[in-house]
Amino acid sequence: MLYPVAGSRIFMADLPGFEPSAVPSGAWVEIGQAEAFGTLGGTWRMTDLEPALNFPDGLPAMSHLKTYMERPVMQIVLGNDPTDAGQALLWNAWRALEAFPFRIVFPDGATRRSWSALVIDLQEVFDTANSVIKVQASLRPVSEILRSEAP
């Protein structure tokens, strides 16, 4: 099944330290003017093992081991709206030391991704002269990424 992204919405909750699954439904605040959501997932750090292994053809080959999972930074881009409650909450989260719960809801209203993240970077982007000021935020996930359709 393919999931369209156009029309998706991003939310966060003003509940630092909460796991996304524990956030009451009324606590989610939409972050308005969302234009891009970036990527969300994980990357394994690898360790090279010695000695090298030999494949059946007799050639030496390096063996690798997954060591730990790292959650790469997710960048979101928004149209700058200082009156938006979600954007104000995002600026406050950037100043805080704790992680906050985030959630993306896809256009069908049922498919979601939820996670906790530190807001580690927040900048105004002036881009091209015929555009509007953007806000770019970098979110470092610090929890499992919950998928609504996961078995």
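Here, the structure is the one placed above.
This one's a predicted model, so the numbers in the text were calculated from it and none came from an experiment.

Engineer: Give me the overall build of the protein chain: which residues, what numbers.
Structural biologist: Each helix and strand in the protein chain was counted, giving one helix and ten strands. Helices (α) and strands (β) of the protein chain occur, in sequence order from the N terminus, as β-β-β-β-β-β-α-β-β-β-β. Along the first, second and third principal axes, the C-alpha atoms of the protein chain reach 65 × 40 × 35 Å. Looking at the 151 residues of the protein chain, the share that counts as buried comes to 32%. Carbon and sulfur atoms make up 56% of the accessible area of the protein chain, which amounts to about 9200 Å² in all. Placing the 11 positive and 17 negative side-chain charges of the protein chain at their respective mean positions leaves the two points 4 Å apart.

Engineer: Account for the nonpolar core, with residues named and values stated.
Structural biologist: For soluble globular proteins, nonpolar side chains are generally found buried alongside one another. Of all hydrophobic cores here, the largest spans 22 residues; its most connected members are M12, I76, L90, F102, W115 and L139. Elements supplying a minimum of two residues to this core: β1 (9-13), β6 (74-79), α1 (85-95), β7 (100-105), β8 (112-125) and β9 (134-141). Residue contributions to this core peak at four residues, all from β8. Counting residues in hydrophobic clusters, the runner-up holds five residues, among them A13, V23, W28 and V105.

Criteria and thresholds
- Residues numbered from 1 in each chain as written.
- Predicted model: local features only at pLDDT ≥ 70, side-chain atom pairs only at ≥ 80, totals over all residues.
- Heavy atoms only, no water.
- Helix = DSSP H or I, 4+ residues; strand = E, 2+ residues; numbered from the N terminus.
- Buried < 20%, exposed > 50% of the residue type's maximum accessible area, 1.4 Å probe, protein only.
- Areas by Shrake-Rupley, 256 points an atom, 1.4 Å probe, with all protein chains shown as cover.
- Lys, Arg positive; Asp, Glu negative; His and termini not counted.
- Charge placed at Lys NZ, Arg CZ, Asp CG, Glu CD.
- Core = buried A, V, L, I, M, F, W, Y, C linked by side-chain atoms within 4.5 Å.

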